[in-house]
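Here is what each chain is made of, one letter per residue.
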Amino acid sequence: MPWDIIHKMRDPAACAPWLEDYDKTRAGFSWAQARALLTGLPQGRGLNIAHEAVDRHALGARGRHVALRCLARDRAAGELTYAALSAQTNRFANVLRHLGVAAGERVFMLSDRIAELYIAAFGTLKNRSVFCPMFAAFGPEPIRARLALGEAAVLVTTAALYRRKVAGIHAQLPGLRHVLLVTDDPADAELLKSPGVSDFRQLLAEASAQFEIPPTAPEDPALLHFTSGTTGTPKGVVHVHEAVAVHCATARFVLDLHDEDIFWCTADPGWVTGTSYGIVAPLALGVTLVVDREEFDPERWYGILQDERVSVWYTAPTAIRMLMKYGAQPVRSHELSSLRHICSVGEPLNPDAVVWGRDTFGIAFHDNWWQTETGGIMIANYPAMDIRPGSMGKPLPGIDAAIVRREKDGRITVLDAGVEGELALRQGWPSMFRGYLHDAARYRQCFADGWYLTGDLARRDGDGYYWFVGRADDVIKSAGHLIGPFEVESALLEHPAVAGAGVIGKPDPVVGETVKAFVELKHGIDGDEALRKQILGFARKRLGAAIAPKEITFARNLPRTRSGKIMRRLLKARELGLPEGDISTLEPAA
Ligand code: AMP
């Protein structure tokens, strides 16, 4: 192994970790135990995430404990205690009830990380509606596609985002009954008079702060997240209230959250990490959650770690690699003694980043693995376990993982240690997704022989550590965000000069992969620099900065299969100068 093992580092003054002995905890663990740690709704009325994460603390000894510290642009903090969060979320649940929004209907959120996002999330769950956060950096097209696919009944957004991204597509969304705008600008008064548009804060202020969560079944849908596949539209991943059992278990075992922790998850709730761990899990354990609305900035981030006295920090490899570029000096010039545990997720964490953490912060980054479909962390490096830099760690207690091969007859063969294959999880953990919205066939394809197949390639070493190898499909991971090439290609095809498009992920040392498009132009159109820039701008406007290609190359003939599908694998191999592999299905160039 090229990197030395980092032996478990225990600060004798720190609290004992929840998971002291991996093998022992694993052997004695059952999901029934994890479920038993949840409170459940009063009088046995079921299980609701909002009760577990907000009301049970508000009604108990932690009512006056700070739940959220929301940092404004100038880093001034707006605080909400658990009691205040409970009252505000009751108000929003009443707003939804008065608007006639039913259980199971979808409430979408499009905003940066402002307090209203968290109020809307738990208010929606209290009303037993389904919460679906979207990333504010999406452009109008991904927003339209998700609102339409998810049959949004309500959209909560800011007036500024509405004007820039939603106003132009609103007419295409007849099912969207209510748009609730967050604004305090009197200039928005006219906008608030538009049909179906209301003032979020005014409705909240007028609503009662009393609300009793109706009976909720653990299997009732709670959260909807969109993720990307290789083909077709984004997939709506459905999670149920019972997922909170995994959120709590992982917040203990992996994030090691204890009562007095101050926790900062840097992910945006528009991506699943920012919901499971940036909203639900820390509050379910009753800790204080720091929320920053701004994007990455090294000075700001170190300032937050120091001034907010963050004790547990959950971030992503792209951010860590960007911080590494600034070196150790900014770390040394901040007082970061509160920091006890640091974790990373979302893309491969290179071993030198793990070691850099240890050498610079005095504590190593603990990588962990999961995906939108799993709802919570599945494989992790635990605080009291030795780290093998570059490995994602070991399966969570309660999770059976394996490296497998799908046979032609659909059966699954479990592979030996050291052999590369597809990462699979034995189905049945509480936060496992319960469906792709309106796509039962696609859901079924994810399972075989009792295993959930993740679409990731990995291997397991002889000691049970898992090592990420790559994706089994063409999906792109850029700055931790999963991007479907089809969604990008479809947007490019809407440009009047474009006849065909193939999109790949191009390796990048900081963000993992960048989106690169190969574009075939319509007959008679010349691909010059001006057109290239125009198409880049067009894609950026439609898709938003997070998804749009960074690079476009014009190609005369894109490689296609005989059935007409663009061979992205071949585009990628050619781009990277790699062997072209099997090209027997390639359509001969015209
Ligand atoms: P998402 O559903 O957007 O959270 O993306 C999930 C995918 O991100 C996984 O299937 C992996 O391909 C990748 N991923 C997540 N965590 C890790 C990790 N620790 N190491 C390598 N890849 C990861």
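Reading guide: rules and limits
Residues numbered from 1 in each chain as written. Predicted model: local features only at pLDDT ≥ 70, side-chain atom pairs only at ≥ 80, totals over all residues. Heavy atoms only, no water. Phe/Tyr/Trp six-rings, centres within 6.5 Å; stacked < 30°, edge-to-face > 60°. Buried < 20%, exposed > 50% of the residue type's maximum accessible area, 1.4 Å probe, protein only. Helix = DSSP H or I, 4+ residues; strand = E, 2+ residues; numbered from the N terminus. Lys NZ or Arg CZ within 6 Å of the ring centre and 35° of its normal. Domains from an automatic or database assignment. Contact = heavy atoms within 4.5 Å. Buried area = accessible area lost by both parts, 1.4 Å probe. Salt bridge = Lys/Arg side-chain N within 4 Å of Asp/Glu carboxyl O. Polar contact = N/O pair within 3.5 Å; in protein donor to acceptor, adjacent residues only side chain to side chain. Pairing = 2+ DSSP bridges. Axes fitted to C-alpha atoms, helices over the stretch in contact; angles between N-to-C directions. Expected span 1.5 Å × (residues − 1). Arc of directions from axis to C-beta. Parallel < 35°, antiparallel > 145°, perpendicular 65-115°, else oblique. Left-handed = near helix turned anticlockwise from the far one by under 90°. Nonpolar A, V, L, I, M, F, W, Y, C, P; charged D, E, K, R; others polar. Near = heavy atom within 4 Å. Areas by Shrake-Rupley, 256 points an atom, 1.4 Å probe, with all protein chains shown as cover.

Draft legend 1. Structural context of the packing of aromatic side chains. Enumeration over the complete set of coordinates arrives at 27 aromatic pairs. Plain terms: the ring middles of Phe-296 and Trp-301 are 4.9 Å apart, the flat faces sit at 70° to each other, and that makes the pair edge-to-face. Residue class for Phe-296 comes out partly exposed when judged on its relative accessible area of 24%. Under the relative-accessibility criterion, Trp-301 is labelled buried at 7%. With a centroid separation of 5.9 Å and an interplanar angle of 55°, the aromatic rings of Trp-313 and Phe-361 are classed as tilted. A residue pair is termed long-range when its members are at least 10 positions apart, and Trp-313 in strand β12 (residues 312–315) and Phe-361 in helix α14 (residues 351–361) qualify at 48 residues. The pair Trp-313 / Phe-361 is uniform in exposure class, with both members buried. By the ring-pair criterion, three or more aromatic residues cluster together here, those being Trp-264, Phe-296, Trp-301, Tyr-302, Trp-313, Trp-356, Phe-361 and Phe-365. In this structure, Arg-252 is placed above the aromatic ring of Trp-18, and the distance from its NZ or CZ to the ring centre is 4.9 Å. Directly above the aromatic system of Trp-451 lies the positively charged group of Arg-426, at a separation of 4.2 Å from the ring centroid.

Draft legend 2. Examining the domain arrangement of the chain more closely. Here the chain is partitioned into domain 1 (79–227) and domain 2 (474–576). Using only C-alpha atoms to locate each centre, domain 1 and domain 2 end up separated by 33 Å. The interface is formed by nine residues belonging to domain 1 together with 10 residues belonging to domain 2. Summed over both partners, the interface of domain 1 with domain 2 buries about 670 Å², with 58% contributed by carbon and sulfur atoms. It is Phe-135, Glu-141 and Pro-142 that lose the most area in domain 1 upon contact with domain 2, and together they represent 46% of the buried surface on that side. For Arg-146, the salt bridge identified is with Glu-487, shortest N-O distance 2.7 Å. On the surface where domain 1 and domain 2 come into contact, there are three residue pairs in polar contact (both at pLDDT 80 or more). Counting residues per element, the side of domain 1 that touches domain 2 draws most heavily on helix α6 (residues 140–149), which supplies four residues.

Draft legend 3. Broad picture of the sheet that holds strand β1 (residues 66–71). The strand order β2-β1-β11-β10-β12-β13-β14-β15-β16 describes an open sheet built from nine strands, whose pairing is mixed. Strands with a single pairing partner mark the edges of an open sheet, and in this sheet they are β2 (77–81) and β16 (394–395). When strand β10 (residues 262–265) meets β12, the two strands line up parallel, connected through three bridges. Each residue of the ladder has a partner; that of Phe-263, found in β12, is Val-312.

Draft legend 4. A look at the sheet that holds strand β28 (residues 551–554). Read from one edge of the open sheet, three strands run β26-β27-β28, paired in mixed fashion. Edge positions in the sheet fall to β26 (498–508) and β28, since each of these pairs with one other strand and no more. Between one strand axis and the next, the sheet turns by 25° as a mean value, whatever way the strands run. In the sheet, strand β27 (residues 512–521) pairs with β28 via four bridges, with the strands oriented parallel. Residue Phe-518 lies in a different strand from β28, and its bridge partner there is Thr-553. With respect to the sheet, helix α18 (residues 568–576) is in contact with β26 and β27, its orientation differing from that of β26 by roughly 55°.

Draft legend 5. Seen up close, helix α17 (residues 529–543). For α17, built from 15 residues, the straight-helix expectation of 21 Å at 1.5 Å per residue is met to within 8% by its first-to-last C-alpha distance of 21 Å. For α17, the full list of buried residues reads Leu-531, Ile-535, Leu-536, Ala-539 and Leu-543. The buried residues of α17 all sit within an arc of 140° when viewed along its axis, so they share a single face. Set apart from the buried face of α17 by more than 90 degrees, the exposed residues are Ala-530, Lys-533 and Lys-541. Phi turns positive one or two residues past the end of α17, at Gly-544, with a value near 90°.

Draft legend 6. Broad picture of the packing of helix α3 (residues 49–59) against helix α5 (residues 115–126). Between α3 and α5, the shortest axis-to-axis distance is 8 Å and the interhelical angle comes to 125°. One element, α3, and the other, α5, form an angle in the oblique class. Considering the relative orientation of α3 and α5, their crossing is left-handed. Residue-level contacts link Ile-49, Ala-50, Ala-53, Val-54 and Asp-55 of α3 to Phe-122, Leu-125 and Lys-126 of α5. Residue composition of the contact of α3 with α5, by class: six nonpolar, no polar and two charged.

Draft legend 7. Main features of the site of the ligand. Contacts to the ligand come from 16 residues, most closely from Asn-368, Gln-371, Thr-372, Asp-456 and Lys-477. Separating an oxygen atom of the ligand from a side-chain N or O atom of Asp-456 is a distance of 2.8 Å. Taking Arg-471, its side chain carries an N or O atom lying 2.9 Å from an oxygen atom of the ligand. Burial of the ligand by the surrounding chains reaches 96%, relative to a free accessible area of 500 Å². Elements that contribute at least two residues to the shell around the ligand include exactly β14 (365–369) and β23 (466–471). In terms of residues, the shell around the ligand owes the most to one element, β14, which gives three residues. Residue composition of the shell around the ligand, grouped by class: seven nonpolar, four polar and five charged.

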